[in-house]
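What the coordinates show
Below are the chains, spelled out letter by letter.
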Amino acid sequence: METSCPLIKNILILDGEGKRIAVKYYGNEWATPGAQATFEKSVFSKTQRTNARGEAEIIMFDNVITVFKFVSDLHFYVTGNQDENELILVTVLQALFDAISLLLRNAVEKKTVLENLDLVLLTLDEIVDGGVILETEASVIASRVTMRGADSDLPLSEQTFTQALASAKEQIARSLLN
Amino acid sequence: MAAEQPQTAANAVRDTVKKDEDKEEEELSPFYGIEKGAVLQESRVFNDPQIDVRRCQQIITKLLYLLNQGDAFTKVEATEVFFSGTKLFQSKDINLRRMVYLMIKEICPSSDEVIIVTSSLMKDMNSKTDLYRSNAIRVLCNISRNDTALLSQVERYLKQAVVDKNSVVASAALVSGMHLLQGSPEIVKRWSNEVQEAVQSKNPLVQAHALALLHQIRQNDRLAVSKLVTSLTRSSVRSPLAQCLLIRYVSQVIAESSAATNGERPFYDFLEGCLRHKAEMVIFEAARAIANMNDVTTRELTPAITVLQLFLSSSKPVLRFAAVRTLNKVAMTHPLAVTNCNIDMESLISDQNRSIATLAITTLLKTGNESSVERLLKQITSFMSDIADEFKIVVVEAIKSLCLKFPQKYPVLMNFLSNILREEGGFDYKKAIVESILNLIRDIPDAKESGLSHLCEFIEDCEFTYLSTQILHLLGKEGPNTQDPAKYIRYIYNRVILENATVRASAVSALARFGAVVEYLQPRIIILLKRCLHDNDDEVRDRATFYLAALGAGETSAETSRPMLLSSLNKPLADLEANLRDYMMGGCDKTFDISCVSSTKPNLGPAPKAAGGAAAASKPGQNSAPEVPQADAYAEVLNEIPELADLGRLFKSSAPVELTEAETEYMVKCVKHVFPEHVVFQFSCSNTIEEQVLEDVSVVMEPTEGEELQEEFTLPLVSMPLNECGETYVCMKRAEGSFAVGKYACTLKFTVKEVDPSTGEAEEDGYEDEYQLEDIEVSVLDYLQKTAVSNFRKSWEDIDEEMEQTSVYGLGARESLQEAVEAVMEILGMQPCEGTEVVPPNARSHTSLLSGNFVGNCQVLVRLYFGVDQSNAVAVKVAVRCEDAAVSELVHQIISEA
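Chain B goes by Coatomer subunit gamma in an unreviewed UniProt entry, where it is assigned to Cymbomonas tetramitiformis. The Subunit (unreviewed entry) field of the UniProt record for chain B holds the comment "Oligomeric complex that consists of at least the alpha, beta, beta', gamma, delta, epsilon and zeta subunits."

If you check an unreviewed UniProt entry, chain A appears there as Coatomer subunit zeta from Cymbomonas tetramitiformis. Reading the Subunit (unreviewed entry) entry of the UniProt record for chain A gives the comment "Oligomeric complex that consists of at least the alpha, beta, beta', gamma, delta, epsilon and zeta subunits." Regarding chain A, the relevant UniProt record gives this comment under Sequence similarities (unreviewed entry): "Belongs to the adaptor complexes small subunit family."

1. Side note on the sheet that holds strand E4 (residues 64–71) of chain A
Sheet strands pair by backbone hydrogen bonding; their relative direction is either parallel or antiparallel. Residues and elements named next belong to chain A. Within the open sheet, the five strands sit side by side as E2-E1-E5-E4-E3. Their pairing is antiparallel. Only two strands of the sheet have a single neighbouring strand rather than two, namely strand E2 (20–25) and strand E3 (57–61). In this sheet, neighbouring strand axes are inclined to one another by 15° on average, regardless of whether the strands run parallel or antiparallel. Summarising the sheet, strand E1 (residues 8–15) and E2 pair through five bridges and their orientation is antiparallel. Within the sheet, the bridge partner assigned to Leu-12 lies in E2 and is Val-23.

2. Re a negative patch on the surface
All names here are of chain B. A cluster of acidic side chains, namely Glu-690, Glu-691, Glu-754, Glu-763, Glu-764 and Asp-765, defines a negative patch on the protein surface. The residue Glu-763 is located in the loop between strand E9 (742–754) and strand E10 (767–772) in this model. A residue is classified by how much of its surface remains accessible, and Glu-763, at 41% relative accessible area, is partly exposed.

3. Description of the interface of chain B and chain A
Facing 64 residues of chain B, the contacting portion of chain A comprises 63 residues. Carbon and sulfur atoms supply 58% of the area buried between chain B and chain A, which totals about 5,600 Å² over both sides. The shortest N-O distance in the salt bridge between Arg138(B) and Glu126(A) comes to 3.6 Å. At the junction of chain B with chain A, the criterion picks out 21 residue pairs in polar contact (both at pLDDT 80 or more).

4. Overview of the environment of Val876(B)
Residues and elements named next belong to chain B. Structurally, Val-876 is set in strand E17 (residues 873–882). The exposure class assigned to Val-876 is buried, which follows from its relative accessible area of 1%. The sequence separation of Val-876 and Tyr-809 amounts to 67 residues, and the corresponding C-alpha distance is 5.3 Å. With residues up to four places along the chain from it excluded, the contact list for Val-876 reads Ser-807, Val-808, Tyr-809, Leu-811, Leu-864, Tyr-865 and Phe-866.

5. Side note on the packing of helix H13 (residues 204–218) of chain B against helix H15 (residues 240–257) of chain B
Residue and element names in this part refer to chain B. Here H13 crosses H15 at 25°, and the two axes come no closer than 8 Å. Taken together, the axes of H13 and H15 lie roughly parallel to each other. Where H13 approaches H15, its residues Leu-205, Gln-207, Ala-208, Leu-211, Ala-212 and His-215 are matched on the opposing element by Leu-241, Ala-242, Leu-245, Leu-246, Tyr-249 and Gln-252. Of the residues contributing to the contact of H13 with H15, the split by class is nine nonpolar, three polar and no charged.

6. Some words on the packing of aromatic side chains
Taken as a whole, this structure holds 17 aromatic pairs over all chains when the rule is applied. An angle of 35° between the planes, with centres 5.5 Å apart, marks the rings of Phe68(A) and Phe70(A) as tilted. Phe70(A) matches Phe68(A) in its accessibility class, with the two residues each being buried. For the ring pair Phe792(B) and Trp796(B), a centre distance of 5.8 Å and an interplane angle of 20° mean the geometry is stacked.

Reading guide: rules and limits
Positions within a chain are numbered from 1, following the residues in the order the chain's sequence is written. Think of it this way: whatever chain is written first is A, whatever ligand is written first is 1, and the rest follow in order. Only residues with pLDDT of at least 70 get local features here, since the model is predicted, and only at 80 or more are side-chain atom pairs given and counted; chain-wide, interface and lining totals rely on the full set of residues. Note: side-chain values were computed over all heavy atoms of the structure, leaving out hydrogens and water. UniProt positions are given in the numbering used here, feature names are shortened, and annotations may be inferred rather than shown by experiment. For two strands to count as paired, DSSP must find a minimum of two bridges between them. Helical segments are the DSSP runs of H or I of at least four residues, strand segments are the runs of E of at least two, and each set is numbered from the N terminus. Fitting a line to C-alpha atoms yields each axis, with helices limited to the stretch in contact; the angle taken between N-to-C directions then spans 0 to 180 degrees. Patch membership requires more than 30% relative accessible area and the absence of a salt bridge. Residues of like charge join within 9 Å; the nonpolar side chains Val, Leu, Ile, Met, Phe, Trp and Tyr join within 5 Å. Exposure was quantified through the Shrake-Rupley algorithm and a 1.4 Å probe, taking into account, for residues, occlusion by the shown protein chains and nothing else. Think of a salt bridge as a Lys or Arg side-chain nitrogen and an Asp or Glu carboxyl oxygen that are within 4 Å of each other. Think of it this way: Lys and Arg go in the positive column, Asp and Glu in the negative one, and His and the chain ends go nowhere. The atom standing in for a charge is NZ when the residue is Lys, CZ when it is Arg, CG when it is Asp and CD when it is Glu. Partly exposed residues are those whose accessible area sits between 20% and 50% of the maximum for their type, while under 20% is buried and over 50% is exposed, using a 1.4 Å probe and protein chains only. It only takes one pair of heavy atoms within 4.5 Å for two residues to be counted as in contact. The quantity reported as buried area is the accessible area (1.4 Å probe) lost by two parts once they are put together, taken as the sum for both. A 3.5 Å cut-off defines polar contacts: any pair of N or O atoms within that distance qualifies, except that in protein one atom must be a possible hydrogen donor and the other a possible acceptor, and neighbouring residues in sequence count only when both atoms are side-chain atoms. Working definition: roughly parallel below 35 degrees, roughly antiparallel above 145 degrees, roughly perpendicular at 65 to 115 degrees, and oblique for all remaining angles. Throughout this entry, Asp, Glu, Lys and Arg are counted as charged residues, while Ala, Val, Leu, Ile, Met, Phe, Trp, Tyr, Cys and Pro are counted as nonpolar. The remaining residues, Gly among them, count as polar. Between 30 and 60 degrees the pair is tilted, below 30 it is stacked and above 60 it is edge-to-face, where a pair is any two Phe, Tyr or Trp rings, Trp via its six-membered ring, whose centres lie within 6.5 Å.

Right, here's the structure in full:
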């Protein structure tokens, strides 16, 4: 349907070898793990050799448009319908990347992403809901992920965003190292 | 526990296989060696009375990691985790709660289990904390989308949430509303007022979500949508995303209203205004919307093209891609509007991003002129190997249409196609190339020989059976009529030696056609076919045997069987099959007589459906269908009618003309077929009344004005079928060299027999009746066919200058030069050559070249010199060259009478 609101088909975060770090598919286009693996393999191999380290890049194949960005050993992809406004897709990609950078204090690499996978999965959850774009402002997404302001013990004014982030990170780092 | 064992086993395997990678992996991933069974077991701590917050968060992350890696949980596993997970609502820790929300969405096993979390979620929906409320709304709506009963319980809260002052709550409710609209629309529709209020929100995303939901609620009510759009285009919509949505809705309203209103397009000013928005997203959405409008004019396009042109030189690849993709689409319909961007476009050919480069190239191919073809091809060749097959197909399509536009460039273009044919590529890509070459062979006569030899080389090394058989069939059809048919034999026979059975069989058929058509090759073909008699495949042997017999190498005489080789079997296959079945049942004591199978003659009353040719011919010429196959279909049908079979080669068939109003009792369409010395009128008649049977149907044609054609005979239709087409024909003789034009009054004559409603059978006796049809006009254009010439200048100079006839005509004031050119070409119905049908922007004069062929193979070339004066009045000088002066005069006559 041409007049529908913009929909995201999937968001992928893969590592430098094309292996999954975190992915989220919306809709039934790639319903089985096999279909998803095929898609990831093909999108990875088609984009692998491009230089998407500065500006986000774009590719169109199999009736979908994928915008992507590579940072250190990570590949970020956002896919939409081929009729979608490319600039909307890239806004989502940028929001994803910026929010994760904020949450990981710019240490965006496979190691930290895996160590803070819960934050990354929550970020995906806060950006898109069932294909509909939920929020595109990175700082807003990051504060929602860390539930800033939800803690009734600490009033909002007394806990800055960085503090909340630091305490969340600390908790998680500790729990994962246990 | 059993789960432990596979873990150690798996580790053992890994240890031995990749020791080196192991250490690296271990350092890198906190999930190294993670195993589902163990994690599931670990998840039992969710049930502990003292919740260890950090540990639980960690376990949830592990569970989600497993799910994310495609490790599916069984129903039992999911249920168990889900149940124990709900215990975590007891904890007050906010971050843990956030993870629990996520886990419920990911793991929720089925609607039966939902009930266990609903009370906790409903509690959170009433919480003072906004983030609890928003998450609880999303989770609850997510897991109970179709549970209308549950949703109506919480409806009140959702409605309130839509207008919540915190954007996270409002967005959660609105987005959930979009999802709920699928399963429980009536609930969401009751929020209309609240959603409308939310459209005014200051938060950009809330505004967008509200607008999207409001539109979805109203989308089936055109008037409401139109009202919504009108009011919003006047108010200030803040968020770029909301503005993009509004542009989409506006375009939809434009598309639906453009049919009704003429003149100024509604909302165009709004779209144009959006081109000056500060967000690129909005600018592009608006430019794209303008480019996609139905029947967009050049004036409307210009501002959109200007902003897209700016995007072409952006540093952002996504922006360049978006712009070039849109311009590429515009170039299909308005090549001239895009020519201004050609310089920017050319610099994109070397773009790092191959998708952008391909789109730039194909756009240039559409807008470029003849002189740039070679340069462009050189640039394309350099990157063909870098791009994906789907883009290569796009390039191939563009090359094909370019070649049809500039036929005299066929050697370079054909060469390019054959080069890429030799390179690596998938089936679809190769198919696209082969089909393009076939197209060129068909439409550009000069390209035939080189095209065929390229294809011959290709089948030497072709891995696709389908393509090989296609090409072999074409070689069999076209090869024998070329100058040196013998050279193809080797290529074809090589296939018999080297290929699989399917290809061998087609090769045998192709060889046989050479034998049948080219006399001097026949002995050699017979030797080759005899070798095929020992093939190990039945089909190949059968074909060889059959063709040997048909070529006269066996005992049957060649004279009777040769035609069978060259024409298709004009029997409906279903009938043939039925007859053969009967024959087999009957004991096979006599030879099977094929003449007892009813032929496809379409006027045999309730003709079998298998008369594919007739069905194709009776379809009104679809605009997109290429002309040639249509003509072929007609020729095939006419050839099967014995009385019409001797009229010679069909020269031209007109488009069908309706001779009756729509929705009348009888539907009659007429197609005029011009033969070298005859004109055949084919009337496709169809009865729409069930209560009567129409028999002995014919059309009587009375000349009313103009020169007469001599009526020779009429082929009546035995019975007019109900709601299907039956054909009756009138054949008229045309004196050679004359182009008789005139008008004929037509009357449909028939015998009516009433159908008895009780028995459904027609009565014995009928009465004669007639029905007045619209007049038929035969014009000069019926004798004139579009034909492409590959080198207009050469053909023009080949005709003696003395034969040229020139006149000047005034065309009056015209909207543009382009429009005048199109009007004259429409009148002449000839083939524009060398892309001269397109007038460059702002030109004050223009030359168009046209070519055509009159019946009797008389080539006509026309040069049109257009000029326009201050008051937009257009004058055209028409120069006609033709070997026959009378024909040149006819062309002038067409223009002066129009």
